[in-house]
Amino acid sequence: QVHLVESGGGLVQPGGSLRLSCVTSGFTFSTHDMSWYRQAPGKERELVAASSGEDGRTHYDDSVQGRFTISRDIASSTLYLQMNNLTPEDTAVYYCNADRECRGSICEYFDYWGLGTQVTVSS
């Protein structure tokens, strides 16, 4: 069975840092696209950062560019999101997503989500 379990959220002051973890199992972690999303109360879920399983490319939302870093530890099948210089606007529930597996233009459907971890940035 596919499992995604996020951890590492908490309360932090503006300017602080947190590292989120997503421990995965049940699929080939290294080859699937992986992403972090977040959702604040009353707002739509938004993509924060993405990591390509095919070529290792990464993508960041403009709001976190230069502050957040997405990475993988293949040995432990764990996805990370290092968050620095946090602001109150970063407050949200953060979700880990395991997405499609692609080789060139050939992709196989895949879509699993963790239950989320709360990040609160406040003084």
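Scroll up to find the structure.
Residues numbered from 1 in each chain as written. Predicted model: local features only at pLDDT ≥ 70, side-chain atom pairs only at ≥ 80, totals over all residues. Heavy atoms only, no water.

**Quick notes on the packing of aromatic side chains**
Under the definition given, this model contains three aromatic pairs. When the centroid spacing of 5.2 Å and the interplanar angle of 45° are considered together, the rings of F27 and F110 count as tilted. One end of the pair, F27, is in the loop between strand 3 (18–25) and strand 4 (32–39); the other, F110, is in the loop between strand 10 (106–108) and strand 11 (112–113), and 83 residues separate them in sequence. F27 sits in the buried class, given a relative accessible area of 15%. Taking 4.8 Å as the distance between ring centres and 50° as the angle between the ring planes, the aromatic pair formed by F110 and Y112 counts as tilted. Residue classification places F110 among the buried residues on the basis of a relative accessible area of 14%. Judged by relative accessible area, Y112 falls into the partly exposed class, the value being 38%. Among the aromatic side chains, those forming a connected cluster through ring pairs are F27, F110 and Y112. In this structure, R45 packs its charged tip against the face of Y95, placed 5.7 Å from the ring centre. Directly above the aromatic system of W113 lies the positively charged group of R45, at a separation of 4.0 Å from the ring centroid. (Phe/Tyr/Trp six-rings, centres within 6.5 Å; stacked < 30°, edge-to-face > 60°. Helix = DSSP H or I, 4+ residues; strand = E, 2+ residues; numbered from the N terminus. Buried < 20%, exposed > 50% of the residue type's maximum accessible area, 1.4 Å probe, protein only. Lys NZ or Arg CZ within 6 Å of the ring centre and 35° of its normal.)

**With respect to the sheet that holds strand 1 (residues 3–7)**
As summarised here, the arrangement of the four strands in space is 1-3-8-7, forming an open sheet in which the pairing is antiparallel. Of all the strands in the sheet, the pair left with one neighbour each is strand 1 and strand 7 (68–73). Averaged over all adjacent pairs, the angle separating strand axes in this sheet is 15°, with direction ignored. (Pairing = 2+ DSSP bridges. Axes fitted to C-alpha atoms, helices over the stretch in contact; angles between N-to-C directions.)

**Points about unusual backbone geometry**
Backbone geometry follows two general trends: most residues other than glycine have a negative phi, and most peptide bonds adopt the trans configuration. In the Ramachandran plot, S77 falls in the positive-phi region, its phi being about 50° despite a non-glycine side chain. Turning to its location among the elements, S77 is positioned in the loop between strand 7 and strand 8 (78–83). One non-glycine residue with positive phi stands out, namely N85, at about 50°.

Worth remembering: the numbers are spatial, not functional.
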